[in-house]
Amino acid sequence: MRWRIIVSSILCLILAALPVYAMDMYSVGYDAGKKGLEYLNISKGDPNLLVLTNAGYSTIESEETVLAIDGVSDSTGCTIGKENLILVHNNELKPLWFAFFRKDTGDCVYIEYSPEEYISKGNIKAELLLNNPEEWQKKMKSKVFHGNEFSIVTISSLWAIGAPYHLLKSAEFHNHICPGLISGYMIAKYLEKNLPLRKGEKYQIIASPPWCKDDAIQIMLDSTVGKRGMSVKQLSKLQQKSLPNFAGIYIRTSKTYGEGDAAVLKFDWDKAAKLCDVNRSYFKDFKSYKWWWARLKMNICLMSYLDKPEEFVSTVKTFHLSADQHYKLHTAGVNPYEELGFIKGYIKEKGSSWTWTWICAGICAGLVVGFLVGYFLKRR
Ligand SMILES: [Zn+2]
């Protein structure tokens, strides 16, 4: 009898403790929201306010943080439906963070729990950053938002100028916005017009070469890797040189690996750089501000072309595939562009270790034969 009472009491204590922890996560979000409003001097529900957080993805000592989303939403008035609550994809080991952005002033407050509270502020108005990049570069270098600066700046700046919901959904998954992600949004829009799905159909895509576009494409078209909707195939540098701006092979089919219509697409990065007045070499300059400056500038510029994907996306070739041909293009070891005749085998082999092995073997064999012939001639 005594044991029963002790066990029941312990169980009651455990059950009582559970909601307390759950309440805590809600409170963490709620309090972060309150502080965000205070620092930005803005009221709950103000349409100028955006909240970004990795709550739900981050865990604190293996505990879920998802209730913090409800908390921050209740205190700020920002919701998914109003498109002003963005849930940024992170791995679970990243500390829980919230960013509060006010679009009319450009002010931003970052609050992180790791588990100690860390708060920092900065003005991230895109215009200011683009006109005075050296100043923001100092903050980037010092990781003012603990390494989330690029995510927060790029998502906030495009939200402020009306980024459509599907682009924001892609940004959540990709955890930032870059011209590569926008190119994926445009490719999905281009396919809607030029290779539209009919009832019961789906896309199976060969992402070759892969780049940021493929995260947007998976979100926009639901052609996910796990459901065989996308096979990812990297190309060598030499192959990419032979296939400039190639952006993958898009197959419309009614059955997984079934027969279907295919289109090879390109994305014109030279035109994008020219129209947006961005030097492409800036994208690879990670030592200065140029890498983020070029991306931010092109992001904003490309927003004007979201509904005109044909400005940059074009079809190289369309054709019909049998089920066997379709399946082969997806399989490991097959270069789909070689299979379709866009490049020849020598590009694949050029410079490969096997080529050099055969060249060395040939030289060695020649030397041995030469030596033997010389030896026998001498003996005669
Ligand atoms: Zn990206």
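Reference entry: report on the structure contained in this document. (Residues numbered from 1 in each chain as written. Predicted model: local features only at pLDDT ≥ 70, side-chain atom pairs only at ≥ 80, totals over all residues. Heavy atoms only, no water.)

### Side note on the coordination of the zinc ion
Piece 1. Coordination of the zinc ion by the protein comes from His-174 (NE2), His-176 (NE2), Cys-178 (SG) and Cys-212 (SG), over a distance range of 2.2 to 2.5 Å.
Piece 2. Taken together, the 4 donor atoms surrounding the zinc ion define angles of 86 to 152° at the centre, an arrangement classified as irregular.
Piece 3. If you list the donors of the zinc ion from N- to C-terminus, the spacing comes out as H-x1-H-x1-C-x33-C. Residue Cys-178 is found in the loop between α6 (165–174) and α7 (179–194), and its partner Cys-212 is found in the loop between β8 (202–207) and α8 (213–221); the two are separated by 34 residues along the sequence.
Piece 4. Look at Cys-178 and you get buried, because its relative accessible area is 4%. (Donors = N, O, S within 2.8 Å, 3.2 Å for Na, K, Ca; no water. Tetrahedral: all angles 85-135°; square planar, octahedral: opposite > 155°, others 65-115°. Helix = DSSP H or I, 4+ residues; strand = E, 2+ residues; numbered from the N terminus. Buried < 20%, exposed > 50% of the residue type's maximum accessible area, 1.4 Å probe, protein only.)

### A few points about the packing of aromatic side chains
Piece 1. Across all of its chains, the model carries 21 aromatic pairs by this definition.
Piece 2. Taking the centre distance of 5.7 Å and the plane angle of 25° together, the rings of Phe-267 and Phe-312 count as stacked. Placement of Phe-267 in strand β11 (residues 260–267) and of Phe-312 in the loop between α11 (290–302) and β12 (313–321) is noted, with a sequence separation of 45 residues between them.
Piece 3. With centroids separated by 5.8 Å and ring planes inclined at 35°, the aromatic side chains of Phe-286 and Trp-291 adopt a geometry described as tilted.
Piece 4. The class of Phe-286 is exposed, set by a relative accessible area of 54%.
Piece 5. Among the residues examined, Trp-291 registers a relative accessible area of 18% and is labelled buried.
Piece 6. Members of the aromatic cluster, each reached through a chain of ring pairs, are Trp-97, Tyr-110, Tyr-118, Trp-136 and Phe-145.
Piece 7. Stacked on the ring of Trp-211, the Lys or Arg Lys-213 has its end atom at 4.4 Å from the ring centre.
Piece 8. Here Lys-271 stacks its cationic end above the ring of Phe-312, 5.9 Å away from the centre of that ring. (Phe/Tyr/Trp six-rings, centres within 6.5 Å; stacked < 30°, edge-to-face > 60°. Lys NZ or Arg CZ within 6 Å of the ring centre and 35° of its normal.)

### Some words on the packing of α7 against α8
Piece 1. Where α7 contacts α8, the axes come no closer than 6 Å and their chain directions differ by 40°. By the angle between their axes, α7 is oblique relative to α8. Where α7 crosses over α8, the handedness of that crossing is right-handed. Contact residues: α7 offers Gly-180, Leu-181, Ser-183, Gly-184, Tyr-185, Ile-187, Ala-188, Lys-189 and Leu-191, while α8 offers Lys-213, Asp-215, Ala-216, Ile-217, Met-220 and Leu-221. (Axes fitted to C-alpha atoms, helices over the stretch in contact; angles between N-to-C directions. Parallel < 35°, antiparallel > 145°, perpendicular 65-115°, else oblique. Left-handed = near helix turned anticlockwise from the far one by under 90°. Contact = heavy atoms within 4.5 Å.)

### A closer look at the state of the cysteines
Piece 1. A full pass over the atoms with the stated rule returns 1 disulfide.
Piece 2. With a sulfur-sulfur separation of 2.0 Å, Cys-276 is cross-linked through a disulfide to Cys-301. Between Cys-276 and Cys-301 the disulfide shows an S-S torsion of about -75°. By sign, it is left-handed. Of this pair, Cys-276 sits in the loop between α10 (269–275) and α11 while Cys-301 is found in helix α11, placing the two residues 25 residues apart along the sequence. (Disulfide = S-S within 2.5 Å.)

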